[in-house]
Amino acid sequence: MDQQTHSDVVLREKARAYLPGGSFGNAGADLVIVEGSGGRVRDTAGREYVDFLLGSGPMLIGHRHPEVIEAVRQQLERGTTFFANSAPGILLAEAICEAMPCAEKVRFTSSGSEATLYAMRAMRAFRGRSKILKFEGGYHGMNDYSLMSLAPRRRSNGIEPIPDSPGIPDAIRGEMLIAPYNDLDAVTAIVEEHHDALAGVIVEAFQRVIPPRPGFLEGLRALTERHDLPLAFDEVVTSFRFAYGGAQEFYGVVPDLCTVGKVVGGGFPLAGLAGREEIMTQFDADAAGEGGFLPQIGTLSGNPIAATAGLATLGVLREGDAYTRLFDNGRRLMEGLANAMRSAGVEAQICGEACLFDIVFTGQPIVDYWSWESGDKGKMAHFNKVLRDRGVIKGTSKFYVSVAHTQDDIDHAIEAFEAAAAEVAGLS
């Protein structure tokens, strides 16, 4: 049935009736988006927003980009899925290997949660060990291992993992070690003590909105190499956003494995695991041999529609000044946000990189999970509400910037920042 035949009120009532919490579990239940174009979206009530949610990141070149739409239209006429190799998937694998410094082979998945799960499994198989070290506050999707100390509400005792969801077996806790992000001394101490039991280390090079301190990633790379531990960068968010070669190109540190996602699917469900051939060969039954083969099967893995959209998106990103425009947009937004808060006398930190950032209402520098967690959540919620009331949407804790955002979009957002700053100042 055509979605246009349903009113905003009716659709939200149906959502409450048929979806837990009235939503897909992503953005709030009171927002139903009907269409997007460039850097803006429109909801079922007809309201238009400057969009810094961007589908949680995939729409780096904007909604409904004509080159992506045309490429997908042509592929739709050839077929939608085959459960077999297809030309778009093969060509996308080639493009990933040419772009990401660590990538020699690729395996596709449909989601980032799958990709990080396989990254951890591959490290375990390669090392013949079971424990994985991750970082407090680091997000690696929704699999059981990743949901350890993503958002703890109490400080753990050293490396003790804290599950973030019911339903996770207690045994999972024994397979994960937790380290504070940006604290190389603490990570070194954990690895030195437990390296014989460790399979590898997984990290967001840029953790949520927190940049690495100078030397942190370099030190982590040297530490893992010293102990022959695979290092995996979770680049579901940062691949093709921070640079064409992802965060590993942007920060100049090359891991052994990386996950890719969001941008690489061009707005369709596609993610993947890439890395050194020595590790990735475990997914090849003939090369791995009996007992060494890692099976990985997914009905829609490498789906030709998603791969086609990804290829078209990467083609746009390779053109001209896409990344210059992206970072110029982000810098103007960050400066406008900082100026708005400063003028209103609001204590806040603007944290991140120009292509992906957020505001945290605190006076202390943001360097790890607990400094980020110290932000005033009430002010943040009010700030986000004022933005939305004034035609700007974002996630609860991120501004995703697009190549497609125009000067009018940025000016509109900065006006909303000034209004939000004035209201947040009144809460103090």
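None of the values given here were measured: they were computed from a predicted structure.

Focus: the packing of aromatic side chains
Phase 1: Applying the stated criterion across every chain yields a total of 17 aromatic pairs.
Phase 2: With a centroid separation of 5.4 Å and 85° between ring planes, the pair formed by phenylalanine 242 and phenylalanine 250 is classed as edge-to-face.
Phase 3: On the accessibility criterion, phenylalanine 242 (1% relative accessible area) is buried.
Phase 4: On the numbers, 6.2 Å between centres and 55° between planes, the contact of phenylalanine 242 with tyrosine 251 is tilted. For the pair phenylalanine 242 and tyrosine 251, a shared accessibility class is recorded, and that class is buried.

A closer look at helix α7 (residues 216-226)
Helical periodicity: at 3.6 residues per turn, an α-helix aligns residues three or four positions apart in one direction.
Phase 1: Those residues of α7 lying buried are Phe216, Leu217, Gly219, Leu220, Arg221, Leu223 and Thr224.
Phase 2: Buried-residue contacts for α7 involve β5 (131-135), α6 (184-194), β7 (198-203), β8 (231-235) and α8 (246-251).

Some thoughts on the sheet that holds strand β13 (residues 392-393)
Phase 1: Across the sheet, which stays open at both edges, the four strands sit in the order β1-β2-β3-β13 with mixed pairing between neighbours. Strand pairing shows two members of the sheet lacking a second neighbour, β1 (33-37) and β13, which therefore form its edges.
Phase 2: Pairing of strand β3 (residues 48-51) with β13 involves two bridges; the strand directions are parallel. The partner of aspartate 51 across the bridge, within β13, is isoleucine 393.

Quick word on the pattern of salt bridges
Phase 1: One pass over the full model with this rule turns up 20 salt bridges.
Phase 2: Between glutamate 225 and arginine 221 there is a salt bridge whose closest N-O contact spans 3.6 Å. Of this pair, glutamate 225 and arginine 221 both sit in helix α7, four residues apart, which is roughly one turn of the helix.
Phase 3: Close ionic contact of aspartate 321 with arginine 325 constitutes a salt bridge, the shortest N to O distance being 3.0 Å.
Phase 4: Here the salt bridges do not stand alone but share partners, grouping Arg221, Glu225, Asp256, Arg276 and Glu278 into one network.

A look at the layout of surface pockets
A probe as big as a water molecule, rolled over the atoms, marks out the empty space that is left.
Phase 1: The space that makes up the second largest pocket amounts to roughly 750 Å³.
Phase 2: Around the second largest pocket, the lining is made up of 29 residues, and of these Asn85, Val106, Arg107, Phe108 and Gln296 lie nearest the centre.
Phase 3: When residues of the lining of the second largest pocket are traced back to their parent elements, those giving at least two are α3 (87-99), β4 (105-109) and α9 (277-280).
Phase 4: When its residues are assigned to classes, the lining of the second largest pocket shows 13 nonpolar, 11 polar and five charged.

Quick word on the sheet that holds strand β12 (residues 356-360)
Phase 1: An order of β11-β12-β14 is seen for the three strands of this open sheet, with the pairing classed as antiparallel. Strand pairing shows two members of the sheet lacking a second neighbour, β11 (349-353) and β14 (399-400), which therefore form its edges.
Phase 2: Inspection of the sheet shows β11 paired to β12 by five bridges, in the antiparallel sense. Bridge pairing in β12 places cysteine 351 opposite aspartate 358.

Thoughts on the side chain of serine 23
Phase 1: Its place among the elements puts serine 23 in the loop between α1 (8-18) and β1.
Phase 2: Residue serine 23 is classed as buried on the basis of its relative accessible area of 17%.
Phase 3: In terms of polar contacts, serine 23 uses its side chain to reach the backbone amide nitrogen of glycine 25, at 2.9 Å.
Phase 4: Those residues in contact with serine 23, other than ones at most four positions away along the chain, are Gly28 and Ala29.

Remarks on the pairing of β7
Phase 1: For β7, a buried count of six out of six residues is recorded, marking the element as mostly surrounded by other parts of the structure.
Phase 2: With three bridges joining them, β5 and β7 adopt parallel strand pairing. Counterpart to leucine 133 in the pairing with β7 is valine 201.
Phase 3: Both β7 and β8 contribute to a ladder of three bridges, which runs parallel. When the sheet's bridge partners are listed, isoleucine 202 is paired in β8 with alanine 232.

Conventions and cut-offs
- Residues numbered from 1 in each chain as written.
- Predicted model: local features only at pLDDT ≥ 70, side-chain atom pairs only at ≥ 80, totals over all residues.
- Heavy atoms only, no water.
- Phe/Tyr/Trp six-rings, centres within 6.5 Å; stacked < 30°, edge-to-face > 60°.
- Buried < 20%, exposed > 50% of the residue type's maximum accessible area, 1.4 Å probe, protein only.
- Helix = DSSP H or I, 4+ residues; strand = E, 2+ residues; numbered from the N terminus.
- Contact = heavy atoms within 4.5 Å.
- Pairing = 2+ DSSP bridges.
- Salt bridge = Lys/Arg side-chain N within 4 Å of Asp/Glu carboxyl O.
- 1 Å grid on protein atoms, 1.4 Å probe; cavity = no way out; pocket = protein on both sides within 12 Å on 5 of 7 lines; lining within 4 Å.
- Points joined across faces, edges and corners; volume = space filled by probe spheres on them.
- Nonpolar A, V, L, I, M, F, W, Y, C, P; charged D, E, K, R; others polar.
- Polar contact = N/O pair within 3.5 Å; in protein donor to acceptor, adjacent residues only side chain to side chain.

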